[in-house]
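# Examination of the molecular architecture
Now for the letters of each chain:
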Amino acid sequence: MSDLIVTLPFAQQNQREKTSGKAAVVLVTDQNYFLPTFATALSADAHTGGDISIYLFVVNAKQAWLQQFGAAVSGTKISIKAASFPQLAELSRFHRDVVPPIALARLWIGSLLEEDIGRLLYIDGDTMVDDELDSLLAISPPEHGLMAVPDFMRIYIDELSLSKGKDIAHLTDLGCSPTAYFNSGVIYASKNAWNSIASSAIKFLREHPDRCIASDQSALNHAAQGNVDFLPLRYNYQSEYMMALDPRELGFKPTIWHFVGAPKPWDAPGWPWDEYFNKFYRQAESVLRNCSVTLPVPPKAQIVAGLSHRERNRFRMKWVYPWRRYTRRRKILSLLSQ
């Protein structure tokens, strides 16, 4: 596979031999983060055709707890299922990221899918699908690799900064180049390829936790290197991209918005994620109002740090490095046009 961004239109990509089996959208969470993840599932349900299954796996959930959601999923394509990963606690010892170690659960999702599911679109629980997914799910992912979107590091890695050396060292430790590093919040792959890559990522994380600054994302980038086809940016539009350019200003609406970092729009709606991005979260709150669901409450320090980062970013782009606002926007527009 190439490290280059995929530029073929989907009509041409459809000419690839079809991966056997049906496609499914897959999400995984614990009970603590169920509400926003269910909101993401609702957004996926609203933007997929009737032949697409949506699986929401809840780690260590009891069947009695799951049964309360029958009315909430009625009329949707969403199936809420329990998941148990005995290996998760052991692997969590090697987790180095600030996000909860439940994020590691995505590494085993392939083992949970029925035999007839041949392709999976994994989506993080802090995203919102805002346009159709069927054109993506109609194509075949690479036989031995995966499809993902460049991480936001892509737009600033060539800038002079105090953190650049650390970022380059991290990529070198993973065997990745700046143009080949992807964000793991949205991944499309065949089930067989995912199982193979995830297995290699687990092994790398166990053996080299010091190199995995971003935990499973780091490990996945190492395991998948050379076997990544990059999706257009619209399939995973992350917070750092949004802080440089709100594509709605240009009449462009990404397919999947990704609320990387804190605060999430349901924690504190505001720049760059206003109340618009809470529409499926509010729907989830409504349909789950009679259910026993924990409201995710992030640490206050995390919210304060996130708001500080965003305000610092906005101040620097306006007063300290004003040219970066334009250079980053150019890079984003280039990626959006792919």
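Residues numbered from 1 in each chain as written. Predicted model: local features only at pLDDT ≥ 70, side-chain atom pairs only at ≥ 80, totals over all residues. Heavy atoms only, no water.

### Observations concerning the packing of helix α8 (residues 191–207) against helix α9 (residues 216–224)
For any two helices packed against each other, one specifies the crossing angle of their axes together with the interaxial distance. Packing of α8 against α9 brings their axes to within 8 Å, and their N-to-C directions diverge by 120°. Compared by their axis directions, α8 and α9 come out oblique. Note on packing geometry: the crossing formed by α8 with α9 is right-handed. In this structure, α8 uses W194, I197, A198, S200, A201, F204 and L205 to contact α9, whose residues at the interface are A219, L220, H222, A223 and A224. (Axes fitted to C-alpha atoms, helices over the stretch in contact; angles between N-to-C directions. Helix = DSSP H or I, 4+ residues; strand = E, 2+ residues; numbered from the N terminus. Parallel < 35°, antiparallel > 145°, perpendicular 65-115°, else oblique. Left-handed = near helix turned anticlockwise from the far one by under 90°. Contact = heavy atoms within 4.5 Å.)

### Details of the nonpolar core
If you look at the biggest cluster of nonpolar residues, it comprises 104 residues, and the most contacted ones within it are V25, F38, I80 and L146. Leaving out residues up to four positions away in the same chain, F38 has contacts with L56, A72, V73, I78, I80, A284, V287 and L288. (Core = buried A, V, L, I, M, F, W, Y, C linked by side-chain atoms within 4.5 Å. Buried < 20%, exposed > 50% of the residue type's maximum accessible area, 1.4 Å probe, protein only.)

### A few points about the sheet that holds strand β5 (residues 127–129)
Hydrogen bonding along the main chain pairs the strands of a sheet, whether they run parallel or antiparallel. A sheet is described by the order of its strands in space; here 3 strands give the open sequence β5-β10-β9, paired in mixed fashion. A strand with exactly one partner marks an edge of an open sheet, and here the two such strands are β5 and β9 (237–238). When β5 meets strand β10 (residues 256–258), the two strands line up antiparallel, connected through 3 bridges. Among the inter-strand pairings, T127 is bridged to a residue of β10, identified as H258. (Pairing = 2+ DSSP bridges.)

### Let's talk about the packing of aromatic side chains
Tallying each qualifying case throughout the model produces 19 aromatic pairs. Between the aromatic rings of W65 and F69, the centroid separation amounts to 4.9 Å while the plane-to-plane angle is 80°, which identifies the pairing as edge-to-face. Considering the side-chain rings of Y321 and W323, the 5.8 Å spacing of their centres and the 80° angle between planes classify their relative orientation as edge-to-face. The structure contains a cluster of three or more aromatic residues connected by ring pairs, namely Y33, Y237, Y241, W257, F259, W266, W273, Y276, F277 and Y281. The ring of Y326 has R325 sitting right over it, with the charged end atom 5.6 Å from the ring centre. (Phe/Tyr/Trp six-rings, centres within 6.5 Å; stacked < 30°, edge-to-face > 60°. Lys NZ or Arg CZ within 6 Å of the ring centre and 35° of its normal.)

### Overview of helix α11 (residues 279–287)
Within the sequence span of α11, burial applies to F280, Y281 and A284. Along the long axis of α11, the arc covered by the buried residues comes to 105°, so they all point the same way. (Arc of directions from axis to C-beta.)

### Looking at empty space enclosed by the protein
Under the criterion given, the structure shown has 1 cavity of 30 Å³ or more. Its volume calculated, the largest cavity comes out at about 60 Å³. If you go around the largest cavity, the residues you meet are P36, A39, T40, S43, T127, M128, F259, W266, F277, F280 and Y281. Counting residues per element, the ones that place at least two in the lining of the largest cavity are α2 (34–46), β5 and α11. The element best represented in the lining of the largest cavity is α2, accounting for 4 residues. Each residue belonging to the lining of the largest cavity can be placed in one class, and the counts come to 8 nonpolar, 3 polar and no charged. (1 Å grid on protein atoms, 1.4 Å probe; cavity = no way out; pocket = protein on both sides within 12 Å on 5 of 7 lines; lining within 4 Å. Points joined across faces, edges and corners; volume = space filled by probe spheres on them. Nonpolar A, V, L, I, M, F, W, Y, C, P; charged D, E, K, R; others polar.)

### Remarks on the side chain of Q217
By secondary structure assignment, the location of Q217 is in helix α9. A distance of 3.0 Å separates a polar atom in the side chain of Q217 from a polar atom in the side chain of Y181. With residues near it in sequence (within four places) discarded, Q217 still touches D151, Y181, F182, N183 and S184. (Polar contact = N/O pair within 3.5 Å; in protein donor to acceptor, adjacent residues only side chain to side chain.)

### Notes on a negative patch on the surface
Together, D51, D131, E132 and D134 line one region of the surface with negative charge. Looking at the element boundaries, D131 is found in the loop between β5 and α6 (134–137). (Patch = residues over 30% accessible without salt bridge, like charges linked within 9 Å, V, L, I, M, F, W, Y side chains within 5 Å. Areas by Shrake-Rupley, 256 points an atom, 1.4 Å probe, with all protein chains shown as cover. Salt bridge = Lys/Arg side-chain N within 4 Å of Asp/Glu carboxyl O. Lys, Arg positive; Asp, Glu negative; His and termini not counted. Charge placed at Lys NZ, Arg CZ, Asp CG, Glu CD.)

### Side note on a nonpolar patch on the surface
On the surface, a cluster of nonpolar side chains totalling about 350 Å² of accessible area is made up of F315, W319 and V320. With respect to the helices and strands, F315 occurs in helix α12 (residues 300–320).

### So, the layout of surface pockets
Volume-wise, the second largest pocket comes out at about 250 Å³. If you go around the second largest pocket, you meet 14 residues; those closest to its centre are M242, M243, A244, W271 and R325. Broken down by element, the lining of the second largest pocket gets its largest block of residues, 4 residues, from α12.

### Some thoughts on the pattern of salt bridges
In this structure the tally under the stated criterion is 18 salt bridges. With a shortest N-O distance of 2.7 Å, K331 and D158 are connected by a salt bridge. Remark: D158 occurs in the loop between β6 (146–150) and α7 (164–174) and K331 occurs in helix α13 (residues 322–336); sequence separation between them is 173 residues. Overall, the relative accessible area of 22% leaves K331 in the partly exposed class. A salt bridge links R329 to E249, with the nearest nitrogen and oxygen atoms 3.9 Å apart. Placement of R329 in helix α13 and of E249 in the loop between α10 (239–244) and β10 is noted, with a sequence separation of 80 residues between them. Since its relative accessible area comes to 18%, R329 is described here as buried. Accessibility expressed as a relative area gives 55% for E249, which makes it exposed. Put simply, E90, R93 and R206 are held in one network by salt bridges that share partners.

The analysis is restricted to geometry; functional conclusions fall outside its scope.
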